[in-house]
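Now for the letters of each chain:
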Amino acid sequence: MRLLLAALICLVWSVLIPADASAQTLLRWKLKPGDGFVVHTEQNTESTVGFSGKSANSKIDMQMDIRWRVNKASDSSFIVMQSIERLTASLSAATGSAEFDSAAKSRPVGLAKQLSDALQPLVGAEIEMEMNDLGEVRSVKPANAAAEK
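## As for the overall build of the protein chain
Across its full length, the protein chain holds three helices and six strands. Looking at the protein chain as a whole, 20% of its 149 residues are labelled buried. A fraction of 47% describes how many contacts in the protein chain between residues 6 or more apart in sequence connect residues 24 or more apart. Total accessible area on the protein chain is roughly 10,900 Å²; 57% of this is exposed by carbon and sulfur atoms.

## Here we look at helix 2 (residues 111–119)
All buried positions along helix 2 are accounted for by Ala112, Leu115, Ser116 and Leu119. Axial view of helix 2: buried residues confined to an arc of 100°, hence all on one face. Seen from the buried face of helix 2, the exposed residues on the opposite side, beyond 90 degrees, are Gln114 and Ala118. Considering only its buried residues, helix 2 is in contact with strand 2 (54–73), strand 3 (77–93) and strand 4 (96–101).

## Quick look at the pairing of strand 5 (residues 126–132)
As defined by bridge partners, strand 3 adjoins strand 5 across seven bridges and the pair is classed as antiparallel. Note that in strand 5 the partner of Ser77 across the bridge is Asn132. Across five bridges, strand 5 lies against strand 6 (residues 137–142) in antiparallel orientation. Bridging across to strand 6, Met129 finds its partner in Val140.

## Quick look at the pattern of salt bridges
Taken as a whole, this structure holds eight salt bridges when the rule is applied. Residue Arg67 pairs with Glu85 through a salt bridge whose shortest N-O separation is 3.1 Å. With Arg67 in strand 2 and Glu85 in strand 3, this pair connects stretches of sequence that are 18 residues apart. Residue classification places Glu85 among the partly exposed residues on the basis of a relative accessible area of 40%.

## What to know about the environment of Asp75
With respect to the secondary-structure elements, Asp75 resides in the loop between strand 2 and strand 3. Separated by 44 residues in sequence, Asp75 and Leu31 place their C-alpha atoms 9.6 Å apart.

## Thoughts on the nonpolar core
Membership of the largest hydrophobic core comes to 17 residues, with the highest contact counts inside it found for Trp68, Leu87, Leu115 and Leu119. Only strand 2, strand 3, strand 4, helix 2 and strand 5 provide two or more residues apiece to this core. Examining the composition of this core, we find that five residues originate from one element, strand 3, more than from any other. With residues near it in sequence (within four places) discarded, Trp68 still touches Asp35, Gly36, Phe37, Val80, Met81, Gln82, Met129 and Met131.

## Digging into the side chain of Ser116
By the element assignment, Ser116 lies in helix 2. If near-sequence neighbours (up to four positions away) are discounted, Ser116 is found in contact with Phe100, Pro108 and Pro121.

## A short note on the environment of Ala104
Looking at the element boundaries, Ala104 is found in the loop between strand 4 and helix 2. A residue is classified by how much of its surface remains accessible, and Ala104, at 41% relative accessible area, is partly exposed. C-alpha separation for the pair Ala104 and Thr88, spaced 16 residues apart in sequence, amounts to 9.5 Å.

## Considerations on the environment of Ala103
Topologically, Ala103 is positioned in the loop between strand 4 and helix 2. Taking the C-alpha atoms as reference points, Ala103 and Leu87, separated by 16 residues in sequence, lie 7.9 Å from one another.

Reading the values: rules and limits
- Residues numbered from 1 in each chain as written.
- Predicted model: local features only at pLDDT ≥ 70, side-chain atom pairs only at ≥ 80, totals over all residues.
- Heavy atoms only, no water.
- Helix = DSSP H or I, 4+ residues; strand = E, 2+ residues; numbered from the N terminus.
- Buried < 20%, exposed > 50% of the residue type's maximum accessible area, 1.4 Å probe, protein only.
- Contact = heavy atoms within 4.5 Å.
- Areas by Shrake-Rupley, 256 points an atom, 1.4 Å probe, with all protein chains shown as cover.
- Arc of directions from axis to C-beta.
- Pairing = 2+ DSSP bridges.
- Salt bridge = Lys/Arg side-chain N within 4 Å of Asp/Glu carboxyl O.
- Core = buried A, V, L, I, M, F, W, Y, C linked by side-chain atoms within 4.5 Å.

Quick look at the structure:
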């Protein structure tokens, strides 16, 4: 009896719910050529590596300002130029600590120079990204010499 009552309730419920509520709704991007914005991201990582009965801790904090500029847009896709405008990072490990800021005027030394050498080439690298109307990436390709590297 309870099983029949549960089945009846499910049947009535499915009839009362509008049919389009269960359909997938497409996300339509309303971007126009020339539109642009900056996305600020932060990533904080702490890790511990174990080896030979010992452990080493490290911490990396990174922030990026990423510029998006819309080149083309249609109902089915859009093309965005993406570049890193500014990157900051701080590293703390057993071997020492270092900080990097792509906007800094001073020249880094020691561990900070190694960090700078690894991260500085990313700043200004521009990629062309094509996305569909759901925001899924269709293709990505380098758009300048910095991105080629």
